[in-house]
Amino acid sequence: MTGASTASPEEFNMRQFNLLTGVSICALAFAFSAAGNAQEALPAIDVGAATPGPAAAPIDSPPPAAPAKPFSESRVPESVNHVAVVASQTKEEIDQTVNVMTTAETFKYLPSVLVRERFIGDRNATIEGRVNNPQDSARTILYEDGVLLSNYLGNSYAYPPRWGMISPAEIERIDVIEGPLSALYGGNSISGVFIVTTHMPDHFEVHASGNAGGQNFTWFQTQQTDIAGDMNILIGDRINQFSYWVSYDRLDAQGQSQTFSNNLVNTSLGSNKAIAAFGGVFAADQNGNQNLIAGAAGADHNEQHMAKVKLAYDITPTSRLTWQTGFWSLVDNTYVDPYMTTAQGSPIYQVGKKSEIGLGPYGDYAVAGLEPSHSNASHLMNAAELRSDTKGLFDYDLVGTQYNFLRDYTNSYVGYGFTPTATSNPLLPTYSINPAGSNTNQGGNFWRTGDARFIYRPDYDLFGRHIISFGLHDDLYSWNSVQTNTVVATSNYYDSIQSISYGKTNTKSVYGQDEWKFLPQWRLTS
């Protein structure tokens, strides 16, 4: 049975309005349709010399964006990218905006970043981010394709990232994550995470390039022309699921003097004797005290070689196994530039015992600090990675690395050149030679790291969408440093030991993070 219902006057008027609206729309549609059919039925008429205009081109909608190829995008995790400030540059942008000879230089123009590269090839190029300084090197992290290259054996300018293991020519992109905004990175990320993604070919490629630069440096009595050159060659190919990338990079660079022999005035010789000398420059220090600048030191000449082999096998279109081995070597020499000479014309690098440079009314000075040095290093890196990039329900990234100081030492002089010692006649000092030196050996240092990162993107809605990240981290750093006294400064053979330092530190950690998008414009990360 059907029951009858009675409508109120307001409901009746509304129904009448809806009915009339529907009838009107149908009538308009019929009228336009009839007009179109009538137009098609009419014969064509040529009026005078009128010519028909060109037919309007159909407007095509833009094609949908192609999905990104696996392993072709930034290595910044999406859960980090959503909440952190990330500064990035691609290879094309770097090539157009930066004159690059070292990988460290690619970061120097990004916001809130300072790279302490005092000259091209400076091995002590630490990174300054938002909350650290260049002497606080352990508060940043550098990754290359998931490989940790930060040197956490110490925390100072002497423990920079191992930039030499990355050729600038192999860089695909760089990213800087500003600050500690994710559980995915440990406490060292407090001032930023620096990520380098390198190239992996999908067809046969050969690249070769070289560049050079120079600078004039003038300060006090030092006048230098420093030149630098870098060359590299890279070969790679992809054969079915297998790909390889072989690179070689050579850098030969000179740097300006880094320090000066600053010597405070002595008001009295006391029991010392004076040596007559010529040259030098007077200058005030930061406290306004008069100093005698006796020379410049630390002018660097470094030659670096880097060779690397990367092998990759695509197990599936979205999972890849990668192995890379890198070898880096360094030969580094620092030079001095003395400003002063004795009456006989012998350069003054330092003075002997109970001797000072006597400059009459200008005071007496105990000159020192002009000793050259020699360094030699060979480092080896190995890394393996198994990674998936489905961008779907579940992805993982498993990385194991080892970094070894096969050889790393520095030889310094105790007394370089002829050392003048004062006599009763300031114009006739005696001279001696001290071939001894000191050696600092860090060969045997190493670190091992392991990371297991997982990301889960459930396809169901639990009061919003979730991205869940979790993983494990393990690292072992081993420190070994021996300082010895050598019979000859240029030799590693020693006759006594100054100090021995050694130790190990191990960090194990577990992390979990949930990014919850509970409203279209709101995310909560915990």
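In the block above lies the structure referred to throughout.
Residues numbered from 1 in each chain as written. Predicted model: local features only at pLDDT ≥ 70, side-chain atom pairs only at ≥ 80, totals over all residues. Heavy atoms only, no water.

Some points on the packing of aromatic side chains
Link 1 in the chain: Counted under the stated rule, the structure contains 20 aromatic pairs.
Link 2 in the chain: Ring plane angle 50 degrees and centroid distance 6.0 Å describe the contact between Tyr-143 and Tyr-185, whose orientation is recorded as tilted. With Tyr-143 in strand 4 (residues 141-144) and Tyr-185 in the loop between strand 6 (171-178) and strand 7 (193-198), the pair connects residues that are 42 residues apart, well separated along the chain.
Link 3 in the chain: Judged by relative accessible area, Tyr-185 falls into the buried class, the value being 11%.
Link 4 in the chain: Consider the rings of Tyr-403 and Trp-447, whose centres lie 4.6 Å apart with planes at 10 degrees: the pair is stacked. Here Trp-447 lies in strand 24 (residues 446-456) and Tyr-403 lies in strand 20 (residues 394-413), a separation of 44 residues in the sequence.
Link 5 in the chain: Judged by its relative accessible area of 0%, Trp-447 falls in the buried class.
Link 6 in the chain: Cluster of aromatic residues (ring-pair linked, three or more members): Tyr-152, Tyr-403, Phe-405, Trp-447 and Tyr-477.
Link 7 in the chain: Directly above the ring of Trp-328 sits Arg-162, whose terminal nitrogen or CZ lies 5.4 Å from the centroid. (Phe/Tyr/Trp six-rings, centres within 6.5 Å; stacked < 30°, edge-to-face > 60°. Helix = DSSP H or I, 4+ residues; strand = E, 2+ residues; numbered from the N terminus. Buried < 20%, exposed > 50% of the residue type's maximum accessible area, 1.4 Å probe, protein only. Lys NZ or Arg CZ within 6 Å of the ring centre and 35° of its normal.)

Notes on unusual backbone geometry
Link 1 in the chain: If you check the backbone angles, Ser-112 has positive phi at about 60 degrees while not being a glycine.
Link 2 in the chain: A positive phi is found at Lys-354, a non-glycine position, where the angle reads about 55 degrees.
Link 3 in the chain: Note on placement: Lys-354 falls in the loop between strand 16 (340-342) and strand 17 (355-358).
Link 4 in the chain: For Lys-354, a relative accessible area of 55% puts it in the exposed group.

Concerning a nonpolar patch on the surface
Link 1 in the chain: On the surface, Ile-239, Phe-242, Val-246, Val-309, Leu-311, Tyr-313, Ile-315, Leu-321 and Trp-323 cluster together into a nonpolar patch covering about 760 Å² of accessible area.
Link 2 in the chain: Of all the secondary-structure elements, those providing two or more residues to the nonpolar patch are strand 10 (242-254), strand 14 (290-316) and strand 15 (319-338).
Link 3 in the chain: Residue contributions to the nonpolar patch peak at 4 residues, all from strand 14.
Link 4 in the chain: Counting through the fold element by element, Phe-242 comes out in strand 10. (Patch = residues over 30% accessible without salt bridge, like charges linked within 9 Å, V, L, I, M, F, W, Y side chains within 5 Å. Areas by Shrake-Rupley, 256 points an atom, 1.4 Å probe, with all protein chains shown as cover. Salt bridge = Lys/Arg side-chain N within 4 Å of Asp/Glu carboxyl O.)

Focus: empty space enclosed by the protein
Link 1 in the chain: If you walk through the whole model with that rule in mind, you get 4 cavities of 30 Å³ or more.
Link 2 in the chain: The calculated volume of the largest cavity comes to roughly 240 Å³.
Link 3 in the chain: Taken together, 23 residues line the largest cavity, and the ones lying closest to its centre are Thr-102, Trp-163, Gly-164, Gln-304 and Trp-328.
Link 4 in the chain: Breaking the lining of the largest cavity down by element, the ones donating at least two residues are strand 10 and strand 14.
Link 5 in the chain: With 3 residues, the top contributor of residues to the lining of the largest cavity is strand 14.
Link 6 in the chain: Grouping the amino acids of the lining of the largest cavity by side-chain chemistry returns 10 nonpolar, 7 polar and 6 charged.
Link 7 in the chain: Taken as a whole, the second largest cavity encloses approximately 40 Å³ of empty space.
Link 8 in the chain: Lining of the second largest cavity is provided by Thr-126, Ile-127, Ser-137, Thr-140, Ser-150, Asn-151, Tyr-159, Pro-160 and Pro-161.
Link 9 in the chain: Each residue belonging to the lining of the second largest cavity can be placed in one class, and the counts come to 4 nonpolar, 5 polar and no charged. (1 Å grid on protein atoms, 1.4 Å probe; cavity = no way out; pocket = protein on both sides within 12 Å on 5 of 7 lines; lining within 4 Å. Points joined across faces, edges and corners; volume = space filled by probe spheres on them. Nonpolar A, V, L, I, M, F, W, Y, C, P; charged D, E, K, R; others polar.)

Here's the deal with the environment of Ser-88
Link 1 in the chain: Residue placement: Ser-88 occurs in strand 1 (residues 85-90).
Link 2 in the chain: Taking the C-alpha atoms as reference points, Ser-88 and Pro-111, separated by 23 residues in sequence, lie 9.9 Å from one another.
Link 3 in the chain: Ignoring sequence-local partners within four residues, the contact set of Ser-88 consists of Glu-93, Arg-173, Ile-174 and Asp-175.
Link 4 in the chain: A polar contact of 3.4 Å, which involves the side chain of Ser-88, links it to the side chain of Arg-173.
Link 5 in the chain: Reaching out from Ser-88, the side chain makes a polar contact with the side chain of Asp-175 at a distance of 2.4 Å. (Contact = heavy atoms within 4.5 Å. Polar contact = N/O pair within 3.5 Å; in protein donor to acceptor, adjacent residues only side chain to side chain.)

Some details on the sheet that holds strand 5 (residues 147-148)
Paired through their backbone hydrogen bonds, the strands of a sheet run either parallel or antiparallel.
Link 1 in the chain: One open sheet accounts for 5 strands, arranged 1-6-7-4-5; its pairing is mixed. Where the open sheet ends on each side, the last strands, each with one partner, are strand 1 and strand 5.
Link 2 in the chain: Where strand 4 lies against strand 5, 2 bridges are found, and the strand directions are antiparallel. Bridge pairing in strand 5 links Glu-144 to Val-147. (Pairing = 2+ DSSP bridges.)

Observations concerning the side chain of Lys-308
Link 1 in the chain: Among the structural elements, Lys-308 can be located in strand 14.
Link 2 in the chain: We classify Lys-308 as buried; its relative accessible area is 1%.
Link 3 in the chain: Of note is the side chain of Lys-308, whose polar atom sits 3.3 Å from the side chain of Glu-144.
Link 4 in the chain: Polar side-chain contacts of Lys-308 include one of 2.7 Å to the backbone oxygen of Met-165.
Link 5 in the chain: Sequence-distant contacts of Lys-308, that is, excluding residues within four places in its chain, are made with Glu-144, Met-165, Ile-166, Glu-170, Trp-245, Val-246, Ser-247, Gln-324, Thr-325, Gly-326 and Met-381.

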